[in-house]
Amino acid sequence: MPLYEYACKKCEHRFEILQRIGEGSEGLECPECESHKLEKQFSTFASSSSEGDSGFSTASSGCGTGGFT
Ligand SMILES: [Zn+2]
């Protein structure tokens, strides 16, 4: 099964989950805030140095609330 990455629209928490191909985000919820407003991310965790929107890329230094301003 492929690994998909989701981002919570409510708390911006990002997490990965194993899903079958073609399966949507129905039934999924954010492990942080239990919100169902999730947005599927496309696996771009390799080279994200040339993207304009930062602050959302390096969320590896904490569980949820890191350095948001
Ligand atoms: Zn959330």
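Each remark here, short or long, concerns the structure printed above.
Just so it is clear, the structure is predicted and the values come from calculations on it, not from any experiment.

1. A word on the overall build of the protein chain
Next up, step 1: Along the protein chain, the regular secondary structure elements total 0 helices and 3 strands.
Next up, step 2: Of the regular secondary structure in the protein chain, the N- to C-terminal order runs β-β-β.
Next up, step 3: Pairs at least 24 residues apart make up 42% of the contacts formed inside the protein chain by residues separated by at least 6 positions.

2. Describing the environment of Leu3
Next up, step 1: Note on placement: Leu3 falls in strand β1 (residues 3-8).
Next up, step 2: With 13 residues separating them in the primary sequence, Leu3 and Glu16 have C-alpha atoms 6.5 Å apart.
Next up, step 3: Discounting residues that sit within four places of it in the chain, Leu3 has contacts with Glu16 and Leu18.

3. Comments concerning unusual backbone geometry
Next up, step 1: Located in the positive-phi region is Glu12, a residue other than glycine, with phi close to 65°.
Next up, step 2: Phi is positive for Glu34, which is not a glycine, with a value near 65°.
Next up, step 3: Here Glu34 shows up in the loop between β2 (14-18) and β3 (38-41).
Next up, step 4: Classification of Glu34 as exposed rests on a count of 10 C-beta atoms within 10 Å.

4. Looking at the pairing of β1
Next up, step 1: With 5 bridges connecting them, β1 and β2 associate as antiparallel partners. Note on β2: the bridge partner recorded for Leu3 is Leu18.
Next up, step 2: If you look at the hairpin formed by β1 and β2, you'll find 5 residues sitting between the two strands, and Glu12 has a positive phi there, around 65°.
Next up, step 3: With 4 bridges joining them, β1 and β3 adopt antiparallel strand pairing. Following the sheet pairing, Glu5 is matched in β3 by Gln41.

What counts, and at which threshold
Within every chain, residues take consecutive numbers counted from 1 along the sequence as written. For this predicted model, a pLDDT threshold of at least 70 governs which residues receive local features, and a threshold of 80 or more governs which side-chain atom pairs are given and counted, while totals over whole chains, interfaces and linings are taken from all residues. The helix count covers DSSP runs of H or I at least four residues long, the strand count covers runs of E at least two residues long, and both are numbered beginning at the N terminus. What counts as a contact here is a pair of residues whose C-beta atoms, placed from the backbone, lie within 7 Å. With C-beta atoms placed from the backbone, a residue is labelled by how many other C-beta atoms lie within 10 Å of its own: buried for 20 or more, exposed for 12 or fewer, partly exposed between the two. DSSP bridges decide pairing: two strands pair if at least two such bridges lie between them.

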